[in-house]
Amino acid sequence: MTVTKAEALDWLRKMSLIRRFEERAEEAYGQGKIGGFLHLYIGEEAIAVGAMAALRPDDDVLTHYRDHGYVLARGIDPKRVMAELYGKATGLSKGKGGSMHMADAKHHLWGGYAIVGGHIPLATGMALANQYLDLPRIVACFFGEGATNIGTFYAGLNMAAVWKLPLVAIVENNRYGMGTAFERVSAVSAVYQKACVFNIPAVQIDGNDVLAVRDAVRDMAERSRAGGGPQLIEAMTYRFRGHSMGDPQRYRSKEEVEAAKARDPILLWRRSILENRLATEAELQAIADEADAEADAAVRFAEESPAPGPAELCRDVLIPEQESDVPEDLS
Amino acid sequence: MSQKTYRDALREALREEMIRDERVLILGEEVGVWGGTYAITRSMFTEFGSKRILDTPIAEAAIVGTAVGAAMGGLRPVAELMTINFSLVAMDQIVNNAAKIHYMFGGQIRVPLVIRTPAGWGQLAATHSQTFEAWFAHLPGLIVAMPGTPYDAKGMLKSAIRSDNPVMFIEHARLYGIKGEVPDGEYTLPLGVSDVKRPGRDITIVAYSRMLHVALGAAEALAKDGIECEVIDLRTLRPLDMAPVYASVKKTHRALVLEEDWTTCGMGAEIAARISHDRFDDLDGPVERMGQVEVPMPYARNLEALMFPDERQVTEKVREMLS
Ligand SMILES: Cc1ncc(C[n+]2csc(CCOP(=O)(O)OP(=O)(O)O)c2C)c(N)n1
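Rules and cut-offs
- Residues numbered from 1 in each chain as written.
- Chains lettered and ligands numbered in written order.
- Predicted model: local features only at pLDDT ≥ 70, side-chain atom pairs only at ≥ 80, totals over all residues.
- Heavy atoms only, no water.
- Pairing = 2+ DSSP bridges.
- Helix = DSSP H or I, 4+ residues; strand = E, 2+ residues; numbered from the N terminus.
- Axes fitted to C-alpha atoms, helices over the stretch in contact; angles between N-to-C directions.
- Buried < 20%, exposed > 50% of the residue type's maximum accessible area, 1.4 Å probe, protein only.
- Contact = heavy atoms within 4.5 Å.
- Buried area = accessible area lost by both parts, 1.4 Å probe.
- Salt bridge = Lys/Arg side-chain N within 4 Å of Asp/Glu carboxyl O.
- Polar contact = N/O pair within 3.5 Å; in protein donor to acceptor, adjacent residues only side chain to side chain.
- Nonpolar A, V, L, I, M, F, W, Y, C, P; charged D, E, K, R; others polar.
- Core = buried A, V, L, I, M, F, W, Y, C linked by side-chain atoms within 4.5 Å.
- Domains from an automatic or database assignment.
- Near = heavy atom within 4 Å.
- Areas by Shrake-Rupley, 256 points an atom, 1.4 Å probe, with all protein chains shown as cover.
- Disulfide = S-S within 2.5 Å.

1. So, the sheet that holds strand S14 (residues 288-292) of chain B
Residues and elements named next belong to chain B. Strand order in the open sheet formed by five strands is S9-S11-S10-S13-S14, with mixed pairing between adjacent strands. Because the sheet does not close on itself, it has two edges, and the strands there are strand S9 (195-198) and S14. Strand-to-strand, the axes of this sheet are offset by a mean angle of 25°, without reference to chain direction. Here strand S13 (residues 255-262) runs beside S14; their pairing, made up of four bridges, is parallel. By the bridge assignment, Val-257 is partnered in S14 with Arg-289.

Dropping the structure here:
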């Protein structure tokens, strides 16, 4: 294998943290402590973790609303992520975004977006800024396969291709948009084939294999960084939970879900680590325990954090004009 | 001071700001090689080149979305939408991205963006003759500017480009050719400040964009009969500066709002509600409003001419309100 022990364990740690974090969020939702929509990332962890391992810390990231995994994979404090789910003042977006709108601009995480496909042109624009300012950064834009039938997918990627912008589009194909199997609503159901309309390179990979994701994102990112223009990766995966909370899942059978769980990305990676003798069972158990503890601490922090004060309600709508046009450091 | 057209005033603002700040760039359909559908960016492609003047595909959602992303990434884009009719294709980007990103992520991200676009009409029929300013003025998180004179257009566009907020800058195709005083030197005008365009004591007429000129024409005609209208130009529709309107109503006790859009749920309704609520005791009668007939725009010239209140109708309305 082409990974070091430290990398292998770091990826397992992050995937386990995401899994445990999501399970705790699910519990809190059941207790009425988290409201609104809650789209869990369980089953898809290898994509966020593999991709973040390949990206540089200052590469720009935009995501869809199923976004807890990306933020945790980038190493953002899970406490602030859970606090956002709880709608607390200590949350990443001060409790004003919630589950679907996680951002940490300091870490070049430019937000989760909840209008399907709506953030793809934003990624084009950020890539345009990077090219214009001659920065070595690329933009990684994540979205579901369901976003590849809406206009902004075509309009955004076409523009990026015309201007040869440094952009990697990572499509998480978990086979269903809510309850609709993709092939029922998409004339072309292999998403990577859609890249031909932009004349850009594209690959289809196993999104449950964290190493395959890391390698593909690394290759595509470097190609794009070197001036190769936008690239597209279709990562095949499966979501183990419902679309959001309260999904009766009539559109798929229990057998199908159970069969998919045989390819649980965490199990696969754990097995691979053991087969390659990168760590012992005891070391892996320690990682799982650590993830438990971190998720628990995140919940405690969220529970104990204050709600945003009423003064927060009307803050950050418009920036006072006298604070505008401050010369910025463009580097 | 010299006389300049609204169109040239806008171009001067764009040129000056592009020279002043390298982060400013223009993107839109036909803004480069063609020189702008309404010639606002004429010869700027030659001057600034293809890095800073970007011809885009016909894809309004991507034009606005890309501009929002570029703003998030540290640039100060000016996106041109060929006409405001096509803003509908970009509505999700304007409503859900441009106007919300700053708030939704707890103030972490700024979107210093200008969307320039003309309203207008001229036998262009139902889909190409619209205004929609009230739709945008409805949105918290957006600044909506709608200047009526060359002087205001230049000074306000410069401020819009320097603003860290997203600004919807609505021009008017029928104003591009009008001339007015524009100083030769550098100046900016603040956004969110209404302006008294003509002082008077008998009635307050509130207007903006092209209807400002209808208001001024009517005021001129009425002055011959000794009726003095005070004409207030809103200039910015969000945030609304009501102070000059209130000061005027205190004197005149009567107000008429002119808009080019359909009046239902429009700017006139908003202004009337605010005056009625905040200055009820100053009023001698209900706030009146005049706007477009509530039908889609017809093509035929004679029918189109019936769509908007003209100077004569406004003078009649004023006389009626004063009688
Ligand atoms: C434009 C738009 N239409 C509909 C919705 C409602 N909706 C939210 S998620 C979703 C399914 C999206 O599926 P996909 O893009 O494959 O992502 P996944 O949820 O599977 O991760 C739909 C229809 C929306 N948010 N935006």
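2. Here's the deal with the pairing of strand S2 (residues 24-28) of chain B
Residue and element names in this part refer to chain B. In terms of residue burial, S2 counts as a mostly covered element, since five of its five residues are buried. Neither face of S2 is left uncovered, since the one carrying Val-24, Ile-26 and Gly-28 and the one carrying Leu-25 and Leu-27 both have all their residues buried. Here five bridges tie S2 to strand S4 (residues 76-80), and the two strands are oriented parallel to one another. Bridge assignment links Gly-28 to a residue of S4, and that residue is Glu-80. Of the strand pairs in this sheet, S2 and strand S3 (residues 53-55) are connected by three bridges, and their pairing is parallel. In the strand pairing of S3, Ile-26 is matched with Ile-53.

3. A short note on the interface of chain A and chain B
Taken together, the contact between chain A and chain B spans 46 residues of the former and 50 residues of the latter. When chain A packs against chain B, the two sides together hide about 3900 Å² of surface, and 63% of this comes from carbon and sulfur. If you look at where chain A meets chain B, you find zero salt bridges. There are 17 residue pairs in polar contact (both at pLDDT 80 or more) connecting chain A and chain B. Contributions of two or more residues to the side of chain A that touches chain B are made by strand S2 (109-113), helix H5 (120-132) and helix H6 (151-162) of chain A. The element contributing the most residues to the side of chain A that touches chain B is H5 of chain A, with eight residues. Residues belonging to the side of chain A that touches chain B are distributed by class as follows: 24 nonpolar, 12 polar and 10 charged.

4. Some thoughts on helix H4 (residues 78-85) of chain A
Residue and element names in this part refer to chain A. Counted residue by residue, H4 has six buried out of eight residues, so it is predominantly covered. The complete set of buried residues in H4 reads Pro-78, Val-81, Met-82, Ala-83, Glu-84 and Leu-85. Of the surrounding secondary structure, the elements contacted by the buried residues of H4 are helix H1 (5-30), helix H3 (68-73) and helix H11 (281-304). Capping the start of H4 is the job of one residue whose side-chain oxygen sits 2.9 Å from the backbone nitrogen of Lys-79: Asp-77. A positive phi of about 70° marks Gly-87, the residue just after H4.

5. Topic: the nonpolar core
Residues Leu-62 and Leu-232 of chain A together with Val-68, Met-72, Ile-101, Phe-136 and Ile-275 of chain B are the most contacted members of the largest nonpolar core, which totals 93 residues. Mapping this core onto the domain boundaries places at least three of its residues in each of domain 1 (2-182) and domain 2 (195-322) of chain B. Among the nonpolar cores identified, the runner-up in size contains 70 residues, and Leu-12, Ala-54, Ile-170 and Ile-287 of chain A belong to it.

6. Considering the site of the ligand
Residue and element names in this part refer to chain A. Surrounding the ligand, one finds 16 residues, the nearest of these being Tyr-65, Arg-66, Ala-114, Gly-146 and Asn-174. The contact in question runs from an oxygen atom of the ligand to an N or O atom on the side chain of His-64, over 3.4 Å. Between the ligand and the protein, one listed contact pairs an oxygen atom with a backbone N or O atom of Ala-147 at 3.5 Å. Here the ligand has 580 Å² of accessible area as a free molecule, and 73% of this is covered by the chains. When the residues that make up the shell around the ligand are grouped by side-chain class, the tally is eight nonpolar, six polar and two charged.

7. Details of the state of the cysteines
Residues and elements named next belong to chain A. Here the structure, examined in full by the defined rule, presents zero disulfides over all chains. Here Cys-141 stays unpaired: no disulfide links it, and the sulfur of Cys-196, its closest cysteine neighbor, is 19 Å away. The buried category is assigned to Cys-141, whose relative accessible area is 1%.

8. Considerations on the environment of Arg-162 of chain B
All names here are of chain B. Among the structural elements, Arg-162 can be located in helix H7 (residues 150-162). A relative accessible area of 17% places Arg-162 in the buried class. Considering only alpha carbons, one finds Arg-162 and Asp-152, 10 residues apart in sequence, at a separation of 15 Å. A polar contact of 2.9 Å, which involves the side chain of Arg-162, links it to the side chain of Glu-186.

9. Notes on the side chain of Ser-194 of chain B
Residue and element names in this part refer to chain B. Relative to the assigned elements, Ser-194 resides in the loop between strand S8 (179-182) and S9. For Ser-194, a relative accessible area of 6% translates into the label buried. Setting aside chain neighbours within four positions, we find Ser-194 in contact with Ile-232, Asp-233, Leu-234, Arg-235, Asp-241 and Pro-244.

10. Digging into the pattern of salt bridges
Tallied over the full model, the rule gives 57 salt bridges over all chains. A salt bridge links Arg-20 of chain A to Asp-292 of chain A, with the shortest nitrogen-to-oxygen separation between them at 2.8 Å. In this pair, Arg-20 of chain A is assigned in helix H1 and Asp-292 of chain A in helix H11, connecting sequence segments 272 residues apart. With a closest N to O distance of 3.0 Å, Asp-152 of chain B and Arg-235 of chain B form a salt bridge. Within this pair, whereas Asp-152 of chain B is found in helix H7, its partner Arg-235 of chain B is found in the loop between strand S11 (229-233) and strand S12 (236-238), the two being separated by 83 residues in sequence. Across this residue pair, the class does not change: Asp-152 of chain B and Arg-235 of chain B are buried. Three or more residues are tied together by salt bridges with common partners; here these are Lys-4, Glu-12, Glu-16, Glu-17, Arg-20, Lys-154, Lys-158, Arg-162, Asp-184 and Glu-186 of chain B.

11. Some words on the environment of Phe-48 of chain B
Along the chain, the position of Phe-48 of chain B falls in helix H2 (residues 44-48). Here Phe-48 of chain B is in contact with Arg-15, Met-18, Ile-19 and Ile-53 of chain B, once residues within four sequence places are set aside.

12. A short note on the domain arrangement of chain B
Interface size is often expressed as the accessible area that is lost when the parts come together. All names here are of chain B. Looking at chain B, the domain boundaries give domain 1 (2-182) and domain 2 (195-322). Summarising the inter-unit geometry, the C-alpha centres of domain 1 and domain 2 are found 26 Å apart. For the pair domain 1 and domain 2, the summed buried surface comes to about 2300 Å²; carbon and sulfur atoms form 56% of the total. By the criterion of area lost to domain 2, the three top residues of domain 1 are Trp-121, Gln-123 and Met-146, representing 28% of everything that side buries. Run the count over domain 1 and domain 2 and you get two salt bridges. Summed over the shared surface of domain 1 and domain 2, the result is 17 residue pairs in polar contact (both at pLDDT 80 or more). Only helix H6 (133-137), strand S6 (143-145) and H7 provide two or more residues apiece to the side of domain 1 that touches domain 2. The residue inventory of the side of domain 1 that touches domain 2, partitioned by class, reads 18 nonpolar, nine polar and three charged.

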